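Working through the structure, step by step
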Amino acid sequence: MTAADKKLASKIYLYLAALFITSLVVSNLIFQKFFYWYPFDIEIFGESLFKISVGLLPYPITFLITDAISEVYGKKKANQIVIAGIFASFFSLGIIYISKSVPALPSSPVSDKMFTQVFGNAPLAVFASMLSYLFAQFIDIQLYHFWKNLTKGKHLWLRNNFSTFTSQFVDTFSVITLLCLFKILPWSLYLGLLVSGFIFKVLVAFIDTPFLYLIVYAFRKRFNLEIGEEIDLDSYTEQ
């Protein structure tokens, strides 16, 4: 690779990391709003499919990005952005905590009560989400590379979907369980949200597979990568 290619690869990684961190932090801040998406008129455990949180909308993007980074930049770089995302989430919690402690002016468009109503559950929610997310993302990355090594870099669709399905179930199960244990969500919604959330994420995983192929194809063509070959940014920066 030329010096220009190395610089471009580092810049793209930076932008992907920014998209990842933004999607992760935003999903934790907006999770309390729920909506009903009904492509199918089905009820599961008494709950309509799909009754889901808007926090799920940016969340699948994070798994697409980690799969893309795993494929192109390797496991180490994928793990690095996961850790950076967790740090950013806890940092955002600190800002929210400080903001809650500052009394609002009588003329403030957002009162203390309104602010607490929207962000009051954020610390527990982010804590629950981060525990779930930490397990899910590392499982996703480990399984992704397991299938990548097993198939010798072939069958991109297989490792993308198999790793995501497993990790998304772990994430959905653990985060909803913790939110119910913390009494942020009622147990009456547990099974419905668990099934709806997981099926929604599985559908998104199917949908994002062509986008992963497109991203990987663009990288391979631009940087002349062979199947299974990864860009080693660390060795490039040391040169």
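From a predicted model like this one, the values you see are computed outputs, not experimental measurements. Sequence positions are assigned chain by chain, starting from 1 and proceeding in written order. Local features in a predicted model are, by the rule used here, given only for residues with pLDDT of at least 70; side-chain atom pairs are given and counted only at 80 or more, and totals for whole chains, interfaces and linings are based on all residues. Heavy atoms from the whole structure form the basis of all side-chain values; hydrogens and water molecules are not counted.

1. Brief notes about the layout of surface pockets
We count it as follows: Only protein atoms enter the 1 Å grid used here, on which a cavity is any set of points holding a 1.4 Å probe that cannot leave and a pocket is any open set flanked by protein within 12 Å on both sides along at least five of seven lines; residues with an atom within 4 Å of a point are listed as lining. Grid points are joined across faces, edges and corners, and a volume is the space filled by probe spheres set on the points. Helix numbering and strand numbering both begin at the N terminus, where a helix is a DSSP run of H or I of at least 4 residues and a strand a DSSP run of E of at least 2.
For the largest pocket, the calculated volume is near 160 Å³. Lining the largest pocket we find L56, L57, P60, I61, L64, F200, V204, I207, D208 and F211. Mapped onto the lining of the largest pocket, the elements with two or more residues apiece are α2 (59-72) and α7 (190-223). Among the elements that make up the lining of the largest pocket, the one with the highest residue count is α7 (five residues).

2. Quick notes on the pattern of salt bridges
Filter applied, for reference: Take a side-chain nitrogen of Lys or Arg and a carboxyl oxygen of Asp or Glu: if they are within 4 Å of each other, that pair is a salt bridge. Only protein chains enter the area calculation, which uses a 1.4 Å probe; residues under 20% of their type maximum are buried, those over 50% are exposed, and those in between are partly exposed.
Inspection of the entire model under this criterion finds four salt bridges. Residue E230 is joined to K148 by a salt bridge in which the shortest nitrogen-to-oxygen separation is 2.9 Å. Of the two residues, E230 sits in the loop between α7 and α8 (233-238) while K148 sits in helix α5 (residues 122-150), which places them 82 residues apart along the sequence. Accessibility expressed as a relative area gives 32% for E230, which makes it partly exposed. The class of K148 is buried, set by a relative accessible area of 4%.

3. A few points about empty space enclosed by the protein
For the record, the criterion: Any residue outside Ala, Val, Leu, Ile, Met, Phe, Trp, Tyr, Cys, Pro, Asp, Glu, Lys and Arg is labelled polar, Gly included; the first ten of those are nonpolar and the last four are charged.
All chains considered together, the criterion is met by two cavities of 30 Å³ or more. In this structure, the largest cavity occupies an estimated 340 Å³ of space. What lines the largest cavity is a set of 21 residues, among which F31, S53, L56, V175 and L179 lie closest to the centre. Those elements that place two or more of their residues in the lining of the largest cavity are α1 (3-29), β4 (51-53), α5, α6 (156-181) and α7. Here the residues of the lining of the largest cavity are counted per class, giving 11 nonpolar, seven polar and three charged. Taken as a whole, the second largest cavity spans an internal volume of roughly 30 Å³.

4. Comments concerning the nonpolar core
To be explicit about the condition: Throughout this description, the term nonpolar core refers to a set of buried Ala, Val, Leu, Ile, Met, Phe, Trp, Tyr and Cys residues connected via side-chain atoms within 4.5 Å. Throughout, a contact is declared for two residues whenever any of their heavy atoms are within 4.5 Å.
Among the nonpolar cores identified, the biggest contains 25 residues, and F20, I69, Y73, I81, Y133, F219 and I231 are the most heavily contacted of them. At the level of secondary structure, the elements contributing two or more residues to this core comprise α1, α2, α3 (75-101), α5 and α7. At six residues, the largest contribution of residues to this core is made by α1. Beyond its immediate stretch of four places on either side in the chain, I69 contacts Y13, L16, G74, K77, A78 and I81. Judged by nonpolar contacts, the second largest core, of 12 residues, contains V175, L178, L179 and I184.

5. Concerning a nonpolar patch on the surface
Where we set the bar: Exposure above 30% relative accessible area and the absence of a salt bridge qualify a residue for a patch, where like charges join within 9 Å and nonpolar side chains (Val, Leu, Ile, Met, Phe, Trp, Tyr) within 5 Å. Computed with the Shrake-Rupley method and a 1.4 Å probe, the accessible areas treat only the protein chains shown as cover for residues.
Together, F90, F127, L131, F135, L181, F182 and W187 make up a nonpolar patch on the protein surface, roughly 680 Å² of accessible area in all. Considering every element that reaches the nonpolar patch, the biggest residue donor is α5, with three residues. Relative to the assigned elements, F182 resides in the loop between α6 and α7. Note on F182: relative accessible area 30%, which makes it partly exposed.

6. Structural notes on α3
Under the convention used in this document: By definition here, a helix of n residues has an expected span of 1.5 Å times n minus one.
Compared with the 39 Å implied by 1.5 Å per residue over 27 residues, the 40 Å span of α3 between its first and last C-alpha is a close match. Among the residues of α3, K77, A78, N79, I81, V82, G85, I86, A88, S89, S92, L93 and I96 are the ones counted as buried.

7. Describing the side chain of S27
Cut-off, in case you're wondering: For the purposes of these results, a polar contact is taken to be a pair of N or O atoms within 3.5 Å, where, inside protein, one atom must be able to donate a hydrogen and its partner to accept one; residues adjacent in sequence count only when each atom of the pair is a side-chain atom.
Here S27 is to be found in helix α1. A polar contact of 2.7 Å, which involves the side chain of S27, links it to the backbone oxygen of L24. For S27, the contacting residues outside a window of four places in its chain are G55, P58 and Y59.

8. Details of the confidence of the model for the protein chain
Keep this limit in mind: Known as pLDDT, the predictor's per-residue confidence is scaled from 0 to 100.
The predicted model of the protein chain averages 82 in pLDDT, with 91% of residues at 70 or higher. Per-residue pLDDT, averaged within each element of the protein chain, yields its smallest value for α8 (62) and its largest for α1 (90).

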